[in-house]
Each structure stands twice: as structure tokens, then as C-alpha cells.
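Residue-level structural notes
What follows is each chain in one-letter form.
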Amino acid sequence: MSKAAAFVCTACAATSSKWAGRCESCGAWNTVEEAQPLSQGPGGKALGARRGTPIRLTDLAQAEAEPPRTLSGVVELDRVLGGGLVKASALLVGGDPGIGKSTLLLQAAARFARGGLKVLYISGEESAAQIQMRARRLGLTESPVHLAAATNLRDILTTLEAEAPDLAIIDSIQTMWLDTVEAAPGSVSQVRSAAHELTTFAKRKGISMVMVGHVTKEGQIAGPRVVEHMVDTVLYFEGERGHQFRILRAHKNRFGPADEIGVFEMTGRGLVEVKNPSALFLSERATPAPGSAVFAGIEGSRPLLCEFQALVAPSPTSQPRRSVLGWDGGRLAMILAVLESRCGVAFAGLDVYLNVAGGLRISDPAADLAVAAALLSAREDSALPAEAVIFGEISLSGAVRAVAQTENRLKEAQKLGFTQAILPQARKRGGDPGLELRQMADLPGFVADIFGP
Ligand code: TYD
Ligand code: MG
């Protein structure tokens, strides 16, 4: 039997029996904090007083196959939730401070309230007057949302008990505190205990509980990581400062597909759904420029076109830079290595910068070929065909591998007016794609075809 862990890392939630200045699991500094055990039996006894009654798996068939759900009417949000908000579920909405979590949730609260749910929005960060001011800015003053400003969890549970809402929003979990836990609000012990209390309360009372969690890179406040495994659904709200686009991404979802995204735009009057994100992410694209490649990607269940931008320049130092925004740095290193060893295109002595336009983050493996194309185009100072989209996975051998959802990618490209697709060879039989297909077996073939021998 392992001893109960007494310390937990705020960055990766790894537990250990002793304190360390550096987390052994993720390597982060100053993130290990003492954690109080969640519960102790009376007198330290191992056996509890009440006996549970297990049920047969087959009996479950009689229970509802699908949990009851409510749609908000915000299509981008409902899709990320997996088809609406599930009754008696616990959600965590994480994101950087100032990214728009409170705005998103107040707008969602208003929609759910207008749809007939009783919604209670509890803020530990702002006064009721401040929330009202925000509501006025968002044009939501007529919405039947109930507001409360509180941080003491005991009071909050009493309020929830008395009000019995269908949906409760806790903004944020880092401001909540339990008087039974001897630690400052925002510490791992407090965040974990508060989330645990709220989650079990939600399940018991049939409330949908949404908790906001700030993510801090330094890990000084307990990151929402420690809460992730307690809740049913984890959504992250992402975006780059200075860009108005915001992506709501399902990181974990017990009631729907993970990796689903919703796209929003932050305006002067709150968040607006983006119905056609491909057009938005390509809107900044000017005339075809060297280093620019349009990627036909899939995010979650839907196609999304976006632009990769690469810049390659002679490096003033002996250690050339590899800078990447919106994509995986390890993957970039791999593509550079494959280009060098399979195609004889060297990047030694050259600085390489890679960006996804619009502050988007791409995780689709099919981006490999588009990245390779952007890198080559930048290095050769020669623009790619303006009317072409590119996708395909690249293996270490230099082969261009087939990817999922080819037809959806092609359809989206055609919808946005592209006439050509550069893609892997193995396209399964499909109807007329409506685009000229340039199919590539391997990366050397691609280099020869697009950039000449
Ligand atoms: P907020 O929802 O308070 O962020 P979080 O709860 O994640 O910390 O959003 C804060 C930012 O959003 C702030 O910089 C102002 C901006 N904003 C708008 O641009 N338009 C709006 O209508 C609102 C309410 C906020
Ligand atoms: Mg906030």
C-alpha cells in the first residue's frame, strides 16, 4: 500500500511524499506544495459505517442512455460541450487571466437563463455591481441571471442549497476557500478541496457546475490541473493577446468528443460566434508571398483552413534560432531534419521562424506537408501557388502519409474558392472533388514537383 501523498505539483498535479524545490515529474521549479488529505475517517478507521449496494452492469441499460442536455443556442459553445450542457455535470473552464472567461460565461449564463434554466453566477473576483456593469456592456441587463459575490464555500453551498439553480457558475475556483482547510485561497489544498466539494454537491443535487480556473505559467497559484481529473469536462479558452480571435477547446469531455473547438471573436460588445472560421483565419492573407502556405486542417469535427507563415534568414550567431508559434517545436525540428536528410535541403546556419496566422494553435498531424511547403517556399524565396491548399503527414522516411477526412478538407477548400489541392497519394475513391489534385508520394517528389528539380 502506498502512503498517502502529502505534496502535489501545481503545474502537473503529480503527487509525492516529500517536498522538493523542483517537481520530479515535470521539472518545474517552485511548484510543489503541501496538500491536505481530502478526508479522514473518524478515529482513523478503515471501514465506513454505511454499506453501498453495487448494481449490475446490465441494470444500467434501463437507466437513461443519454444524459439530459440543454442547448444554449450558441452553436460554437454547444458543439464544444458535445451537444449542449449535461445536467448534473461538472465543468472546468481554464485560460489565461484576461482572455475572456468571465465574459464568455456571463454570455452563456444569459443564454441558458433565457432558455428557461435557473442560473446562478457566483463571482469571487468582482462585485455584483461590477458584473452588472459588464452585463450592461454586453447588452444582457434583461437576462434573468442571478448574481452573487462570495468566496466562502460554506456560504456558497448554503446559497446553492436554498436557491437550487439548474446551472451554477463559480468564477473563479482560485478565489474560493473552505474554513476547514488551513491554507490561503488559491493554494492547491484550497482549490482541490473547493472543487471536490462543489463537484460532489453538483452530482448530489443535479446542478450543472461550471468552475473557472486561471492558468498561470509560473504555477504560483494552483493551476486548474489539480482539478482536471475531478470534473467531467475540461474546456480551455485560448487566444493570443492582440488578436481578437478566441478558441474554446474541449480538452477532456466525458459527454462528447475531445479536441472539439468553438471559434469566437472578442468585440467591444463581448464575444461573437464565428460561423465561418476558415474565412476569418485566411482574411489577413495578402497576395501570395514566399513562406506562406494554406493548410486544409481539421479541428475537432470540422474543417478549418489556416495559413502557415515561415521566415528563413541567415543566422548572425553560430546557434541558429528555431522559433515557432501555434505549432509544436519538436515537430518543426523533425520536419527540418527530414528535409535535410531525405531531400538534401539544409537549414544549417539559417534562422527559422514559423507562425500560424491569427494566433491559432494547430494540433492536426496533417499540417506537416503545409509546414514543409512554407519552409521550402521561404528558403527558396518563391511563392506557392496562391490557389492551392496543402495537407499531409510526413514520416521520418520522407513519405507523405494519408490523413483522415480528406473529403471534408477538399470540400472546405472548394467552398473558400481554392482550385487546387496538394495532398497525399492515397485518396480513397471519392466523387469529383471539384479541385485539381496534386498527389504526392514523398517529400523529395513534392520538392521536385513544386519547386522544380
Ligand atoms: P474577462 O472576461 O474579464 O477575462 P477573464 O475572466 O478570462 O480574466 O475579459 C477581459 C478582457 O476582455 C478585457 O481585456 C476586456 C475585454 N472585453 C472586451 O474586449 N469586450 C467586452 O465586451 C468585454 C466584456 C471585455
Ligand atoms: Mg474573470
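Rules used in this analysis
- Residues numbered from 1 in each chain as written.
- Chains lettered and ligands numbered in written order.
- Predicted model: local features only at pLDDT ≥ 70, side-chain atom pairs only at ≥ 80, totals over all residues.
- UniProt positions renumbered as here; feature names shortened; annotations may be inferred.
- Buried ≥ 20, exposed ≤ 12 C-beta atoms within 10 Å, placed from the backbone.
- Helix = DSSP H or I, 4+ residues; strand = E, 2+ residues; numbered from the N terminus.
- Arc of directions from axis to C-beta.
- Domains from an automatic or database assignment.
- Pairing = 2+ DSSP bridges.
- Axes fitted to C-alpha atoms, helices over the stretch in contact; angles between N-to-C directions.
- Contact = placed C-beta atoms within 7 Å.

An unreviewed UniProt entry lists the chain under the name DNA repair protein RadA, with Oceanicola granulosus given as the organism. UniProt, in the comment section headed Sequence similarities (unreviewed entry), describes the chain in these words: "Belongs to the RecA family. RadA subfamily."

Every α-helix carries 3.6 residues per turn, so stepping three or four residues along brings you back to the same face. Those residues of helix H4 (residues 153-163) not exposed but buried are Leu153, Ile156 and Leu160. All buried residues of H4 lie within an arc of 55 degrees about the axis, which places them on one face of the element. Residues of H4 that are exposed and point more than 90 degrees away from the buried face comprise Thr158, Glu161 and Ala162. Positioned one or two residues after H4, Ala164 has a phi angle of 45 degrees, which is positive.

If you check the domain split of the chain, you get domain 1 (1-35), domain 2 (67-274) and domain 3 (280-451). The gap between the C-alpha centroids of domain 1 and domain 3 is 40 Å.

This next bit is on the sheet that holds strand S23 (residues 436-440). Pairing is mixed across the open sheet formed by seven strands, whose spatial order is S17-S18-S16-S15-S19-S22-S23. Taken across any chain shown, the strands that pair with only one partner, and hence form the sheet edges, are strand S17 (322-325) and S23. Adjacent strand axes in the sheet meet at a mean angle of 25 degrees, parallel and antiparallel pairs treated alike. In the sheet, strand S16 (residues 302-314) pairs with strand S18 (residues 350-356) via seven bridges, with the strands oriented antiparallel. Opposite Ala310, over in S18, you have Leu354 as the bridge partner. Contacts between helix H8 (residues 329-343) and the sheet are confined to S17 and S18, with S17 contributing the most and set at about 130 degrees to the helix. Strand contacts of helix H9 (residues 367-380): strand S15 (292-299), S16, S18 and strand S19 (388-390), with the helix running at about 30 degrees to S16, the strand carrying the most contacts.

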